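Architecture at a glance
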Amino acid sequence: MNKELLKKSQSLIALFALCLVISILSDKFMTSSNLWNVLRQISVNICISVGMTLVVLMAGIDLSVGSVLAFSSAVCAGLLSKGISIPSMDLFIGFTVLGGVLVALIVGLLMGLFNGWVITKFSLPPFVATLAMLTIARGATMLYTQGIPISNLGSSFEFIGSGWLLGIPVPVWISLFVVLSVVFITNKTTFGRYIYAIGGNERAAFLSGINIKAVKLAVYGISGMMAAVGGILVTSRLNSAQPNAGASYELDSIAAVVIGGTSLSGGIGTIAGTVIGATIIGVLNNGLILLNVSPFWQQVVKGLVILLAVIIDQKSKKKA
Amino acid sequence: MKKVIGLVIVCFLVYNSVYFKKLSEQSASESSKFNFVAYADSIYNQGILKQAKPIALADLQKELGKNTENAFSQFGNRLGIGQTAYFMVSVDGTVLNKTVDGFEVKTTDGNIYPIDIKFIFGNAIRDASKLVKLTDFKTNADFNKVSEELNNVIREKAIPAQLSTLTVGDKVEVVGAIKQSKKDALPILILPANITKL
């Protein structure tokens, strides 16, 4: 019983240990301003990683989240700053912040659905299909922005990424809402059970009557939409859409999922674990910066942590 | 019932997401916004060419050697808390040789300086001129947009036109921006704002 509890809590223990070590080595770590800053930064990765968790739970992978983030946020910024002009009808369609955000979410959703469609329709490995989307979306972002950042998106949009609500940064509220929603989906709905069932044994799930294609389509759609949420947070924080935004975010989100205990072969994992994983990555990034570790070493350390997490995952599976 | 509620929500979201205007009205309201091109043009033609008081480079160098703090406060302009500042300077000399994008000028005291529009101008001319203040703009992006347009006026219009009239051996006065540091003397790189044939 104790062993089981210890195994379940290993990510949480690792997070506490990491916090303890960094707070001993740097007196700035435990300051409230730094901790709020860490929470604000990890909010983006939490949103993306939550979507990624659903994909990985189905034994899939989504490498396109960083590029989807960039494209959806670029579209959002473009509509907010320039709207749509139709000269032949002497018509200008302007977008409010709500409009920009909704369009970004729809763009993310559609790109995710496209991933799901390609994977289910042509039976392509998710790795290949989403890798293709990674380059398509990045290229589309460059085409749309012409490689130039889209700036000055207004103070009301900036509030989403930089504002405070009831003493807590707005991105933290948003990520909390996202996490609770997905926890509800995975734990309290049949759709959530289907995701675990497909990841556990796809053949058995199919034979038990689950519409695998529909579930996969929906899960990749959710993953794309979560990437768009991350894009909105990043863009509003900077008040500018950067063409190279989100580069390598897919790796951070996969790392968060794996460190959080979700099995890459599917069927096992929790959203809470992913939140802890994303927090570990965020704290690690912050700690390494506070300790003046070179950015090159930061990459090495992060890679080693991911490797360690996967080794632990494999070992625990063998024991089971 | 569910469909009706869904439809109401969709209508509410769409109504609060977009607004429609005549394109002509939108263009008119856009054009009534701050015109950076016109502003940069006036800063150059009415400000830099008429009001800016450049210091002779040789005099500035003497002052920097004698009293750095005074040279920085009297002739320089720095926006941040760093050690560097921009100065508007002038040099008199002879055109030594010409290239597509500039020329080399040999001053009366024998120094040779490259004058070229290929250099990165950044905010040098805007800051050296002391004519544009950060507090006049709502955002840093707007403030930097002035530099962008000012650099366009200088690099695309003014200097190329002036360069086309120059030949080797001409006597010229070059007014331009340089960057200097309080800590260590930086190499002199003059970013031209105006070239006058003497």
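Structural data are supplied above this passage.
Residues numbered from 1 in each chain as written. Chains lettered and ligands numbered in written order. Predicted model: local features only at pLDDT ≥ 70, side-chain atom pairs only at ≥ 80, totals over all residues. Heavy atoms only, no water.

1. Some words on helix α8 (residues 170-188) of chain A
Its 19 residues give α8 of chain A an end-to-end C-alpha distance of 26 Å, which sits within 8% of 27 Å, the value for a rise of 1.5 Å per residue. Here α8 of chain A has its buried residues at Val170, Pro171, Val172, Ser175, Val178, Val179, Val182 and Thr186 of chain A. (Helix = DSSP H or I, 4+ residues; strand = E, 2+ residues; numbered from the N terminus. Expected span 1.5 Å × (residues − 1). Buried < 20%, exposed > 50% of the residue type's maximum accessible area, 1.4 Å probe, protein only.)

2. Concerning the packing of helix α12 (residues 249-259) of chain A against helix α13 (residues 271-290) of chain A
All names here are of chain A. Remark: α12 packs on α13, axes separated minimally by 7 Å, with the N-to-C direction vectors making an angle of 125°. As summarised for this structure, α12 and α13 are arranged oblique, according to the angle between their axes. Considering how the two elements wind past one another, α12 and α13 form a crossing that is right-handed. Within the contact between the two elements, α12 uses Asp252, Ala255, Ala256, Val257 and Ile259 and α13 uses Gly273, Thr274, Gly277, Ala278, Ile280 and Ile281. Residues belonging to the contact of α12 with α13 are distributed by class as follows: seven nonpolar, three polar and one charged. (Axes fitted to C-alpha atoms, helices over the stretch in contact; angles between N-to-C directions. Parallel < 35°, antiparallel > 145°, perpendicular 65-115°, else oblique. Left-handed = near helix turned anticlockwise from the far one by under 90°. Contact = heavy atoms within 4.5 Å. Nonpolar A, V, L, I, M, F, W, Y, C, P; charged D, E, K, R; others polar.)

3. So, the packing of aromatic side chains
In total, this model carries six aromatic pairs over all chains according to the counting rule given. Ring geometry for Trp117 of chain A and Phe122 of chain A: centres 5.4 Å apart, planes at 85°, overall edge-to-face. What makes Phe122 of chain A partly exposed here is its relative accessible area of 48%. Taken together, the aromatic side chains of Phe114, Trp117 and Phe122 of chain A make up a single cluster linked through ring pairs. The ring of Phe143 of chain B is capped by Arg126 of chain B, whose NZ or CZ atom sits 3.6 Å from the centre of that ring. (Phe/Tyr/Trp six-rings, centres within 6.5 Å; stacked < 30°, edge-to-face > 60°. Lys NZ or Arg CZ within 6 Å of the ring centre and 35° of its normal.)

4. Examining the interface of chain B and chain A
Listed as interface residues are 14 residues of chain B and, on the opposing side, 14 residues of chain A. Between chain B and chain A, a total of about 1,200 Å² is buried, with carbon and sulfur atoms accounting for 62% of that surface. Interface area lost by chain B to chain A is led by Ser17, Tyr19 and Leu23 of chain B, which between them contribute 43%. Linking chain B with chain A are six residue pairs in polar contact (both at pLDDT 80 or more). At five residues, the largest contribution of residues to the side of chain B that touches chain A is made by strand β1 (residues 18-22) of chain B. Residue composition of the side of chain B that touches chain A, by class: six nonpolar, five polar and three charged. (Buried area = accessible area lost by both parts, 1.4 Å probe. Polar contact = N/O pair within 3.5 Å; in protein donor to acceptor, adjacent residues only side chain to side chain.)

5. Considering the nonpolar core
Residues Phe157 and Val283 of chain A are the most contacted members of the largest nonpolar core, which totals 84 residues. Excluding anything up to four places from it in sequence, Val283 of chain A contacts Leu15, Leu18, Cys19, Ile22, Phe29 and Val38 of chain A. Counting 48 residues, the second largest nonpolar core, distinct from the first, contains Phe103, Phe143, Val146 and Ile159 of chain B. (Core = buried A, V, L, I, M, F, W, Y, C linked by side-chain atoms within 4.5 Å.)

6. Examining the layout of surface pockets
Estimates place the volume of the largest pocket at around 1,500 Å³. Taken together, 43 residues make up the lining of the largest pocket; nearest its centre are Ser81, Ser151 and Asn152 of chain A together with Glu30 and Lys33 of chain B. Elements that contribute at least two residues to the lining of the largest pocket include exactly α4 (65-82), β2 (91-95), α6 (126-145), β3 (150-151) and α7 (155-162) of chain A together with β1, α2 (23-31) and α7 (140-164) of chain B. Here the residues of the lining of the largest pocket are counted per class, giving 15 nonpolar, 18 polar and ten charged. (1 Å grid on protein atoms, 1.4 Å probe; cavity = no way out; pocket = protein on both sides within 12 Å on 5 of 7 lines; lining within 4 Å. Points joined across faces, edges and corners; volume = space filled by probe spheres on them.)

7. Some thoughts on unusual backbone geometry
All names here are of chain A. If you check the backbone angles, Ser123 has positive phi at about 50° while not being a glycine. Within the element layout of this structure, Ser123 appears in the loop between α5 (97-121) and α6. Looking at Ser123, the relative accessible area reads 63%, which means it is exposed. The backbone phi angle of Asn292 is positive, close to 60°, even though this residue is not glycine. One can find Asn292 in the loop between α13 and α14 (295-319).

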